[in-house]
Amino acid sequence: MSDAQCAKFSRTLSMADRSGRLLESLDQLEMRVESLREAASAMEQERECILEMIQSIQNGQEMRNICDGEREELELTANRLLGRTLTVEISVGTIRNSQQEDALRKATSIIDEMVKKLLDDMEGGRQRLQALHAACVTEAPPVPIDQKFQAIVISCALEDQKNIKRRLETLLRNVENAEKNIKIMDHQKLEEPKANGCQ
């Protein structure tokens, strides 16, 4: 083998080595990027959970059962925590094609319309939310599935599918909490006359 052939052969190996090292570095970076996105997504969920807990405390029965002075102090603390939590902004973007963008827009619009109708018909709205949620889960739910909504959700990006499901779960929890609070308040109204000695 001539010197020129040896030099060409070793240079090719060197390029392959460099390419392999670069590919290995990119693979490691890809794992770090995924870890970063997962951590940020977990932080987004934690923020939502904290906001939901603060609002639950603010609207809960225990808050109504304490004296005005203590309630005012607790409400100030809850509002301070709410404000501080709202200053935390975390955003994990999702890369979508035009079909996924369109599907997300449709799914969001359907959910937004449902939220508007909840105030008029809590029970019907809850059932509709359950049907929308059933379209997002893999296990067979005991409620009817909105198949049109399911087709739209399937057309969304995977991350958007998870976010849609999480939003529906949060809405269902909020509706259940609202129903509980209404029942408690209604029950208290019925008991108040008796407590005051009235019939």
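Residues numbered from 1 in each chain as written. Predicted model: local features only at pLDDT ≥ 70, side-chain atom pairs only at ≥ 80, totals over all residues. Heavy atoms only, no water.

1. Some remarks on the environment of Val115
For Val115, the position within the fold is in helix H4 (residues 98-118). Each C-alpha atom, one on Val115 and one on Leu171, is 8.2 Å from the other, the two residues being 56 residues apart in sequence. Excluding residues that lie within four positions of it along the chain, Val115 makes contacts with Arg167 and Leu171. (Helix = DSSP H or I, 4+ residues; strand = E, 2+ residues; numbered from the N terminus. Contact = heavy atoms within 4.5 Å.)

2. Here we look at helix H5 (residues 122-134)
Taking 1.5 Å of rise per residue, 13 residues should cover 18 Å, and H5 covers 18 Å from first to last C-alpha, within 8% of that figure. Looking at H5, one finds that the buried residues are Gly125, Arg126, Leu129, Ala131, Leu132, His133 and Ala134. (Expected span 1.5 Å × (residues − 1). Buried < 20%, exposed > 50% of the residue type's maximum accessible area, 1.4 Å probe, protein only.)

3. Quick notes on the UniProt feature "coiled-coil region" (unreviewed entry) in the chain
Sequence positions flagged by UniProt for "coiled-coil region" (unreviewed entry) are, in local numbering, residues 19-53 and 158-188. Its end C-alpha atoms 51 Å apart, residues 19-53 is made of 100% helix and 0% strand. (UniProt positions renumbered as here; feature names shortened; annotations may be inferred.)

4. Concerning the confidence of the model for the chain
This prediction gives the chain a mean pLDDT of 85; 85% of its residues lie at or above 70. Every residue in residues 194-199 is under pLDDT 50, and counting partners more than four places away or in other chains gives 1 contact. (pLDDT = per-residue confidence, 0-100.)

5. A word on the nonpolar core
Among the nonpolar cores identified, the biggest contains 19 residues, and Ile111, Leu129, Cys136, Phe149, Ile164 and Leu168 are the most heavily contacted of them. Within the residue set of this core, elements represented by two or more residues are H4, H5, helix H6 (147-154) and helix H7 (158-195). No other element matches the 6 residues that H4 contributes to this core. (Core = buried A, V, L, I, M, F, W, Y, C linked by side-chain atoms within 4.5 Å.)

6. Comments concerning the side chain of Arg166
In this structure, Arg166 sits in helix H7. If we skip the residues at most four places from it in the chain, Arg166 touches Gln45 and Glu48.

7. With respect to the environment of Ala103
Its location among the elements puts Ala103 in helix H4. Look at Ala103 and you get buried, because its relative accessible area is 6%. Residues Ala103 and Asp160, 57 residues apart in the sequence, show an inter-C-alpha distance of 9.7 Å.

8. With respect to helix H3 (residues 68-86)
Compared with an ideal rise of 1.5 Å per residue, which puts 19 residues at 27 Å, H3 spans 26 Å between its outermost C-alpha atoms and is within 8% of the ideal. Buried residues of H3: Ala78, Leu82 and Thr85, and no others. One side of H3 carries all its buried residues, which in axial view fall inside an arc of 60°. Along H3, the residues that are exposed and aim more than 90 degrees away from the buried face are Gly69, Glu72, Glu73, Leu76 and Arg84. (Arc of directions from axis to C-beta.)

9. A word on the pattern of salt bridges
Within this structure, the stated rule accounts for 11 salt bridges. Among the salt bridges present, the one from Arg173 reaches Glu52, with a minimum N-O distance of 2.7 Å. In this pair, Arg173 is assigned in helix H7 and Glu52 in helix H1 (residues 3-59), connecting sequence segments 121 residues apart. Residue class for Glu52 comes out buried when judged on its relative accessible area of 18%. Put simply, Asp68 and Arg71 hold a salt bridge, and the shortest N to O gap is 2.8 Å. You can see Asp68 and its partner Arg71 sitting in helix H3, 3 residues apart, about one turn around the helix. (Salt bridge = Lys/Arg side-chain N within 4 Å of Asp/Glu carboxyl O.)

10. Some remarks on the side chain of Arg126
Within the fold, Arg126 resides in helix H5. For Arg126, a relative accessible area of 17% translates into the label buried. Polar contacts involving the side chain of Arg126 include one to the side chain of Glu123, which spans 2.6 Å. Apart from residues no more than four positions distant in its own chain, Arg126 is found in contact with Leu118, Leu172, Val175 and Glu179. (Polar contact = N/O pair within 3.5 Å; in protein donor to acceptor, adjacent residues only side chain to side chain.)

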